[in-house]
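Close look at the chain arrangement
Take a look at the letters that make up each chain.
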Amino acid sequence: MKKKVELLAPAGTFDCIQAAINAGADAIYFGVEQLNMRTRSSEGFTIEDIKEVARLCHANNIKAYLTLNTVMYDHDLQLLRVILNEVKQQNIDAVIAADFAVMQLCRELNIPLHVSTQANVSNSEAVQFFATMSDVVVLARELTLQQMKAITRDIERKNILGVSGELLKIEVFVHGALCMAVSGKCYLSLHAQNASANRGACVQTCRCPYKITDAETGEELLIDNEYILSAKDLCTIGVIDQLIDAGVDVLKIEGRSKGAEYVQTVTQCYREAIDAVAEGTYTQEKIAAWEQHLATVYNRGFWEGYYLGYPTGEWTRKPGSAATEKKIYLGKGSKYYPRIRVGEFNIETGSLKAGDTILITGRRHGAIKEQLHTLTVNGNAATVAGRGDKLTLPVATPVLPTDKLYKIVEEVHA
């Protein structure tokens, strides 16, 4: 009997948590305050939010993992203890960490621990070492499928148990941004702008264009791509069967700084792919459809990472996203009529016409994407809505003032 593989989705906001729930995630991971690797790039959560995150996830039968995976200094330890005490009180399912201080405090408080990819675990001896303090180890991102398979086989052969007494579980990344540094341990941002990536403050120095110039002659080295440090995004939807066959237990999506539409789209594709593998219906036709769907949300182009052992050098060719669709902000929610289940939105900018596709994001909806065949504007049937208008449409979940309305347009890349 095949074991169940867990699908782990990123969440930088409550919108994203709901999006992950909608799309069939088994668990989400999130960060609070400044002790996680997305402090600068995501909205994040506060300590006070931990209770609501736990309630929302557990009410929907999914797990919640808190990332505390930055380098920790002495002045961080008081905040760390406050966070871990709240984690314990709210029954967060596990903490993801690489710093030994976090590991030690989790052990003292009897909080389940997952070892972060920042620990660069690359062999079965390291796995055995971390098994004494954790139940899940996230492998280094630079390993091949064969290396991962050797580790999972060793876990079974040597009967390596985690602290719970069950076989140690292995987690790997399957989709999202890849750092050019080994296991994400990069110092470019620190050296360039005194903003440490290992403290969650990466300014993405690697994503900028570069020219190589001879310091003595001033001569420029001709290279075929200015973005020589900016890796394409990881996409394993076409080899997900091989990853599962390698014996991994948890498949993790990167993207805590991404929007709800990204979380929902990517999670849904990988949910369908994992289920298709289990059901024996995983086909090339489905893979092509998933790849097309994944391309609609933020990405820098795709490659399969190091898993197949291909030569390195999969760099993006230009800055920003290569997504085939773009969202354009229109406005926010204003009212909800629960009896007829209709939401009202104020159009603050731009315009919308019948036939356009809209996206609604919010903590109650996650992400709702649909084509509007007809428009109701200011209470009347209309063909166009513009700035200052009120748009009403059927919405199954209550509309809040924090909900955002976008128009989806096709993005053409040269």
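Provided above is the structure to which this section pertains.
A few points on the structure. Not measured: the values here are computed from a predicted model. (Residues numbered from 1 in each chain as written. Predicted model: local features only at pLDDT ≥ 70, side-chain atom pairs only at ≥ 80, totals over all residues. Heavy atoms only, no water.)

**Brief notes about the side chain of Thr392**
Counting through the fold element by element, Thr392 comes out in strand E21 (residues 390-394). The contacts of Thr392, once residues within four sequence positions are left out, are Val342, Gly343, Glu344 and Thr376. (Helix = DSSP H or I, 4+ residues; strand = E, 2+ residues; numbered from the N terminus. Contact = heavy atoms within 4.5 Å.)

**A word on the pattern of salt bridges**
Applying the stated criterion to the full structure yields 14 salt bridges. Here Asp154 and Arg157 are joined by a salt bridge, their closest N and O atoms 2.6 Å apart. Remark: Arg157 and Asp154 occur in helix H6 (residues 145-157); sequence separation between them is 3 residues, near one turn of the helix. We classify Asp154 as buried; its relative accessible area is 15%. A relative accessible area of 62% places Arg157 in the exposed class. Among the ionic pairs, Glu325 bridges to Lys369, the shortest N-O distance being 2.7 Å. Of this pair, Glu325 sits in strand E13 (residues 325-337) while Lys369 sits in strand E17 (residues 366-371), placing them 44 residues apart in sequence. (Salt bridge = Lys/Arg side-chain N within 4 Å of Asp/Glu carboxyl O. Buried < 20%, exposed > 50% of the residue type's maximum accessible area, 1.4 Å probe, protein only.)

**Examining the packing of aromatic side chains**
Enumeration over the complete set of coordinates arrives at 7 aromatic pairs. Centroid distance Phe14 to Phe45: 5.1 Å. Interplanar angle 85 degrees. Geometry classified as edge-to-face. Of this pair, Phe14 sits in helix H1 (residues 14-23) while Phe45 sits in the loop between strand E2 (27-31) and helix H2 (50-59), placing them 31 residues apart in sequence. Using a relative accessible area of 11% as the deciding quantity, one classes Phe14 as buried. Assessed through its relative accessible area of 5%, Phe45 is described here as buried. Here Phe30 and Phe45 contribute two aromatic rings whose centre-to-centre distance is 5.6 Å and whose plane-to-plane angle is 90 degrees, an arrangement assigned as edge-to-face. On the criterion of sequence distance, the pair formed by Phe30 in strand E2 and Phe45 in the loop between E2 and H2 is long-range, its members being 15 residues apart. An identical accessibility class is assigned to Phe30 and Phe45; each is buried. One aromatic cluster in this structure is built from Phe14, Phe30 and Phe45. (Phe/Tyr/Trp six-rings, centres within 6.5 Å; stacked < 30°, edge-to-face > 60°.)

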